[in-house]
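# Secondary and tertiary structure notes
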Amino acid sequence: MLRQPLSADIRLKRRKRLDRAFHCLMLISASLVVIFLLLILGIILGKSLPALKISMITRTPGTGYYLGQEGGILNAIVGSMEITTGATLLALIIALPGVIFLNTYLKKKSAWAELIRLMLDILWGIPSIVYGAFGFLLMLTLHLRASLLAGMVTLALVELPILARSVDETMRLVPSELKEAAFSLGASRWQTATRVVLRQVFPGLITAILIALGRGLGDAASVLFTAGYTDRLTTSLLQPVATLPLAIFFQLNSPFPEVQQRAFASAAILTLMILAISLAARFLGRHLGRHRIK
Amino acid sequence: MKKEGLAARVSGLSAFFPVVLVSAIFLAIFLKALPLLSLKSWSHLIFSSAWQPQKGEFGLWPFIIGTLSVTAVAFLLALPVSLFTALYLAEYAPNRARKMFLPAIDLLAGLPSVIYGMWGMLMVVPLVSKYLAPLFGTSSSGYCLLTAGVVLAVMIMPTIIHVSVEVLGSVPVSLKEAALALGATRFEVVRYVILKKARPGLLAACILGLARAFGETIAVLMVVGNVPEIPRSLFSPAYPIPALLANNYGEMLSIPGYESALNLAALILLLLVIIFSLLARLYLSRLIRRSV
Amino acid sequence: MVDHGRISLKGVNVFYGKNQVLKDISLNIPAHSITVIIGPSGCGKTTLLKCFNRLLDEVEEARVEGEILFDGQNIYAPEVDVTQVRKRMGLLSQKPQVLPMSIYENVAFGPRIHGLQNKKKIDHVVEKYLRLAGLWDEVKARLSEPASRLSIGQQQRLCLARGLAVEPEILLCDEPTSALDPQSSRNVEAQLLRLKENYTIVLVTHILRQARRLADYVAFLYLGELIEFGPASEVLTSPQDPRTRAYITGEIS
Ligand SMILES: Nc1ncnc2c1ncn2[C@@H]1O[C@H](COP(=O)(O)OP(=O)(O)O)[C@@H](O)[C@H]1O
Ligand SMILES: [Mg+2]
């Protein structure tokens, strides 16, 4: 009886070529993505690190700063930290109890839970410029001026769905046996949620907070009309506040090369801050899980 | 257990907050847009290309087209690269490459949009004005539809890649093995089995990317040119709705109807994004239901 | 002196990373018979099957040493094309994995990718193998429905038909009835018994009674080692090795 050979015939060779061509295409695409990443980081850091002077982070803009005179962007660095920390805390305070409620008081498939998750999805998709517009309208209604407070509230709304959704994701993964075990020890729902479930999701919670923080730090559109801008340090909730993304944006639009240089330097500062946060998220997410039940 | 009851009530309120917030945003913007809607018809406001606030002309058509075309260009550029990359990561890449790649993708996703905008101004704008436009026999300032599309494409790629990799990862290994055992090549497995199985999820990934593209503001604003005309080619400037809002919303101009018109633009953007979120949700949940 | 359709293993070792899961396996699978591989779960039965059609190639951390001869040719030799090997061995997995397409397309998938284009011929092939798998009468009126609508037992027979349509010589079955109800299991078993005339079948199972019903030869695998191999009558009734005896009497499982 004639044995079929185990090596490839002509038709199979053609199929293999197609396979390889496809493989190449994918490699090219993946390399493109890597190249873009390197290009972006390269150009931001390459252009900006040379422009980075220590005075950038130790001084506020002096007189004539926007014409190329002395000064720094300490106002924006501090302002960004103030507004982002505040917004993240606010978002956490608003979102966390709700997420706990969603996962302990409501049944997994209940219509309410579905509705709330759908709304979170929608909120997640709403562009931050629309939050900015909404925050501005809110501000007008409450007779507030553009200020740290108004910017913080608006930014908190932007961060809320990011935070809530990722905490919800981790909480949903908590095995129901764990909750049942706590219930059977006589713990109430709230005790179970705060002492058992929350401890179980703690690493996820920290990661979620850091992700929201990173988003908040980089968001410009929501604070554009609500936070105002100032060359001084902000010391009260009702004063306007400068933020790094806007500092970059404004300085880039300047016709003076010195000022543009500083925009690059500011971009480096912002990028490094974001990098630090995302590395921290990765690191903490990995190392906080000691007390978790796998 | 009074404390318990209070905790339940407070956290219940907090859980309900998203519902309130969505309604509040929608209502606030809708009510502000209403005055203009009572003066002029929807279709006139949407389809008229005359944007002359001083003369009371508030045609939003150039902005709608601007939004749609920037998004479309970005999407067409991002889609193939993202899908191929996701397939590579999910099906072909060695574990080590995947472990390095995914964090890099997330890093790209986490960069602020002003950074992308700056990259666009520094690199893409000169590239387009000096090389690409002359190559196609036109001239361009570089601040145009194509530049914005490229920048936006790079911005939405991480989202599409990330979700797609997750979706592809949910296709059972034994299904791939079944196809391989029939003598299919990897390409045939991908083409006939995996892509088919993962289609709803991949669609959802694309829709999420699109939703992100629609609302992106600062990066686009920085490179798109911001001229309220319907773009004639890839090398002409455009003016998408988010840029319109960013440039004008905060200033309280005393032109009658102006504020209302801007809110109508915001409303249109909001509706677009909500529709896309709902679609993505629909496809994703269908995928989950099917895989159970 | 090589029988047609016979597989022989010579000193096969398999590692997952540093972890060795198959240890120096040497074995001859006789043609036109059912060879049943038994052993407790985790002992490496699935891994052994995946060596035969080189599905282990797809597992990054897996490494195979030794020779697996198919018709006297080492399937791990460099000039051997893996799709050719797989084309000549059908696989029936633990849980039926229907492809995301219609019943008809499922069966036609293999012949199509291997170059069959004529619609009439494909129709013919689909009918032939659905009949061979004992499914034709149940599905002939609904060939264009998605395969996922079939019951799980029907799905497994569809997988059988799909595998047969590629015209393999060997059938590799990995606990093919473990997800099925008793009635469907009987049905699949009956098909396998009918098929052994023309095919060489390697069946993994952890159900001893199934082994008794089907096996011509039995191999007992324990902790990655081949403990005993021989005709079913000998291994299942008078095992030589105490470990085999312990397994058969239900002391280890
Ligand atoms: N992909 C893999 N990576 C690492 N170890 C594996 C992998 N697949 C299986 N193993 C291990 O190899 C051993 C044999 O597995 P398997 O062949 O599936 O056993 P059986 O089919 O007899 O239950 C088990 O200990 C299992 O944990
Ligand atoms: Mg097994």
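Residues numbered from 1 in each chain as written. Chains lettered and ligands numbered in written order. Predicted model: local features only at pLDDT ≥ 70, side-chain atom pairs only at ≥ 80, totals over all residues. Heavy atoms only, no water.

## Comments concerning the overall build of chain C
A count of helices and strands for chain C gives 10 helices and 10 strands. What you see for chain C is a C-alpha radius of gyration of 18 Å, in line with the 18 Å of a compact globule of 253 residues. Each of the three principal axes of chain C carries a C-alpha extent, and together these read 55 × 45 × 35 Å. A burial count over chain C gives 58% of its 253 residues as buried. When contacts within chain C are restricted to residue pairs at least 6 apart in sequence, those whose partners lie at least 24 apart make up 67%. For chain C, the accessible surface area stands at approximately 10,700 Å², while carbon and sulfur atoms represent 48% of it. Side chains of chain C carry 31 positive and 30 negative charges; the gap between the two charge centres is 5 Å. (Helix = DSSP H or I, 4+ residues; strand = E, 2+ residues; numbered from the N terminus. Rg over C-alpha atoms; globule rule 2.2 N^0.38 Å. Buried < 20%, exposed > 50% of the residue type's maximum accessible area, 1.4 Å probe, protein only. Contact = heavy atoms within 4.5 Å. Areas by Shrake-Rupley, 256 points an atom, 1.4 Å probe, with all protein chains shown as cover. Lys, Arg positive; Asp, Glu negative; His and termini not counted. Charge placed at Lys NZ, Arg CZ, Asp CG, Glu CD.)

## Focus on the interface of chain B and chain C
Residue-level contacts link 21 residues of chain B with 22 residues of chain C. Buried area between chain B and chain C, both sides added, is near 1,800 Å², and the carbon and sulfur share of it is 64%. The tally of links from chain B across to chain C stands at two salt bridges. Here K50 of chain C ties to E177 of chain B by a salt bridge, and the two come within 3.0 Å at their closest N and O atoms. For the pair chain B and chain C, the interface holds five residue pairs in polar contact (both at pLDDT 80 or more). (Buried area = accessible area lost by both parts, 1.4 Å probe. Salt bridge = Lys/Arg side-chain N within 4 Å of Asp/Glu carboxyl O. Polar contact = N/O pair within 3.5 Å; in protein donor to acceptor, adjacent residues only side chain to side chain.)

## Brief notes about the pairing of strand β3 (residues 34–38) of chain C
Residues and elements named next belong to chain C. Among the five residues in β3, five count as buried, and that is most of the element. With burial as the criterion, each face of β3 is covered, one bearing I34, V36 and I38 and the other bearing T35 and I37. Note: β3 against strand β8 (residues 200–204), four bridges, orientation parallel. Within β8, the residue paired with I37 across the bridge is V204. In the sheet, β3 pairs with strand β9 (residues 217–222) via four bridges, with the strands oriented parallel. When the sheet's bridge partners are listed, I38 is paired in β9 with F220. (Pairing = 2+ DSSP bridges.)

## A few points about a nonpolar patch on the surface
Residue and element names in this part refer to chain B. A contiguous nonpolar patch, built from F26, L27, L31, L34 and L271 and spanning about 410 Å² of accessible area, is present on the exposed surface. It is helix α1 (residues 2–39) that provides the largest number of residues to the nonpolar patch, a total of four residues. Here L31 lies in helix α1. (Patch = residues over 30% accessible without salt bridge, like charges linked within 9 Å, V, L, I, M, F, W, Y side chains within 5 Å.)

## Points about the site of ligand 1
All names here are of chain C. In the vicinity of ligand 1, the contacting residues are Y16, V21, S41, G42, C43, G44, K45, T46, T47, V59 and E61. Within the backbone of C43, one N or O atom sits 3.3 Å away from an oxygen atom of ligand 1. Here an oxygen atom of ligand 1 sits 2.8 Å away from a polar atom, N or O, in the main chain of K45. Considered on its own, ligand 1 offers 560 Å² of accessible surface; in the complex 61% of this is hidden by protein. Take the shell around ligand 1: its biggest share by element is three residues, from helix α1 (residues 45–52). Classifying every residue of the shell around ligand 1 gives four nonpolar, five polar and two charged. (Near = heavy atom within 4 Å. Nonpolar A, V, L, I, M, F, W, Y, C, P; charged D, E, K, R; others polar.)

## Side note on the sheet that holds strand β4 (residues 62–70) of chain C
Residues and elements named next belong to chain C. If you trace the four strands from one edge of the open sheet to the other, you get β2-β1-β4-β5, paired in antiparallel fashion. The open sheet has two edge strands with one neighbour each: β2 (19–29) and β5 (73–74). With two bridges connecting them, β4 and β5 associate as antiparallel partners. Bridging across to β5, L69 finds its partner in N74.

## Considerations on unusual backbone geometry
Peptide bonds are, in most cases, trans, and in most cases residues other than glycine have a negative phi. Residues and elements named next belong to chain C. In this structure, E167 takes a positive phi of about 60° despite not being glycine. Of note, L223 is a non-glycine position whose phi angle comes to about 50°, a positive value. For L223, the location among the structural elements is in the loop between β9 and β10 (225–231). L223 gets classed as exposed once you look at its relative accessible area, which sits at 56%.

## As for a positive patch on the surface
Residue and element names in this part refer to chain A. On the surface, K13, R14, R17 and R20 cluster together into a patch of positive charge. Position of R17 among the secondary structure elements: in helix α1 (residues 10–48). Owing to a relative accessible area of 52%, R17 belongs among the exposed residues under this scheme.

## Section: the environment of G250 of chain B
Looking at the secondary structure, you find G250 of chain B in the loop between α11 (241–248) and α12 (258–291). Residue classification places G250 of chain B among the partly exposed positions, given a relative accessible area of 32%. Along the chain, G250 of chain B and G149 of chain B lie 101 residues apart, while their C-alpha atoms are 26 Å from each other. Excluding anything up to four places from it in sequence, G250 of chain B contacts F136 and F225 of chain A.

## Structural notes on helix α6 (residues 152–164) of chain C
Taking 1.5 Å as the rise per residue, α6 of chain C with 13 residues should run 18 Å; its terminal C-alpha atoms sit 18 Å apart, in good agreement. For α6 of chain C, the tally of buried residues reaches 12 of 13 residues, placing the bulk of the element in the interior. (Expected span 1.5 Å × (residues − 1).)

## Thoughts on the nonpolar core
With 212 residues, the main nonpolar core has I40 of chain A together with I25, W51, Y116, M222 and L245 of chain B as its most contacted residues. Examining the composition of this core, we find that 17 residues originate from one element, helix α6 (residues 145–169) of chain B, more than from any other. When residues of this core are sorted by domain, at least three fall in each of domain 1 (8–48) and domain 2 (55–290) of chain A. Among residues more than four places away in sequence, those in contact with I25 of chain B are L123, I126, V130, Y131 and F134 of chain A together with L270 of chain B. In this structure, V36, L164, A165 and Y222 of chain C belong to the second largest nonpolar core, which totals 49 residues. (Core = buried A, V, L, I, M, F, W, Y, C linked by side-chain atoms within 4.5 Å. Domains from an automatic or database assignment.)

## Points about the side chain of R157 of chain C
By the element assignment, R157 of chain C lies in helix α6. When residues no more than four places from it in sequence are discounted, the contact partners of R157 of chain C are A133, G134, L135, E138, N187, V188 and Q191 of chain C.

## A closer look at the sheet that holds β8 of chain C
Residues and elements named next belong to chain C. Read across the open sheet, the six strands follow the order β6-β7-β8-β3-β9-β10; overall the sheet is mixed. A strand with exactly one partner marks an edge of an open sheet, and here the two such strands are β6 (89–92) and β10. Within the sheet, the average angular offset between the axes of one strand and its neighbour, ignoring direction, is 15°. Sheet analysis places β6 next to strand β7 (residues 170–174), joined by four bridges and oriented parallel. Bridge pairing links M89 to I170 in β7. Here α1 sits on the sheet in contact with β3, β6, β7, β8 and β9, set at roughly 155° to β7. (Axes fitted to C-alpha atoms, helices over the stretch in contact; angles between N-to-C directions.)

## Considerations on the interface of chain A and chain B
Each partner contributes residues to the interface: chain A has 74 residues there, and chain B has 76 residues. The salt bridge partner of R281 of chain B is D121 of chain A, with a shortest N-O separation of 2.8 Å. At the surface where chain A touches chain B, the tally comes to 10 residue pairs in polar contact (both at pLDDT 80 or more). Listing elements by their share of the side of chain A that touches chain B, those giving two or more residues are α1, α3 (74–104), α4 (111–125), α5 (128–141), α6 (148–172), α8 (189–200), α10 (244–252) and α11 (257–287) of chain A.

## Things to note about the packing of aromatic side chains
For the coordinates displayed, the defined rule picks out 24 aromatic pairs over all chains. Ring plane angle 65° and centroid distance 5.6 Å describe the contact between W112 of chain A and F16 of chain B, whose orientation is recorded as edge-to-face. Note that W112 of chain A is positioned in helix α4 and F16 of chain B in helix α1, a pairing that runs across two chains. Across the ring face of W124 of chain A, the terminal group of R165 of chain A is positioned such that the distance to the ring centre comes to 4.7 Å. Positioned above the aromatic ring of Y92 of chain B is the side chain of R186 of chain B, whose terminal nitrogen or guanidinium carbon lies 4.9 Å from the ring centre. (Phe/Tyr/Trp six-rings, centres within 6.5 Å; stacked < 30°, edge-to-face > 60°. Lys NZ or Arg CZ within 6 Å of the ring centre and 35° of its normal.)

## As for the pairing of β10 of chain C
Two strands pair when backbone bridges link them, and β9 of chain C and β10 of chain C are joined in this way by six bridges, in the antiparallel orientation. Paired with A219 of chain C across the bridge in β10 of chain C is F229 of chain C.

## Focus: the packing of α1 of chain A against α11 of chain A
Residues and elements named next belong to chain A. Closest axis-to-axis distance for the α1/α11 pair is 8 Å, and the angle between their directions is 125°. Judged on the interaxial angle alone, α11 and α1 are oblique. The handedness of the crossing between α1 and α11 comes out as left-handed. Between α1 and α11, the contacting residues are L41, I44, L45, K47 and S48 on the first element and F264, A265, A267, A268 and T271 on the second. For the contact of α1 with α11, the class distribution of residues is seven nonpolar, two polar and one charged. (Parallel < 35°, antiparallel > 145°, perpendicular 65-115°, else oblique. Left-handed = near helix turned anticlockwise from the far one by under 90°.)

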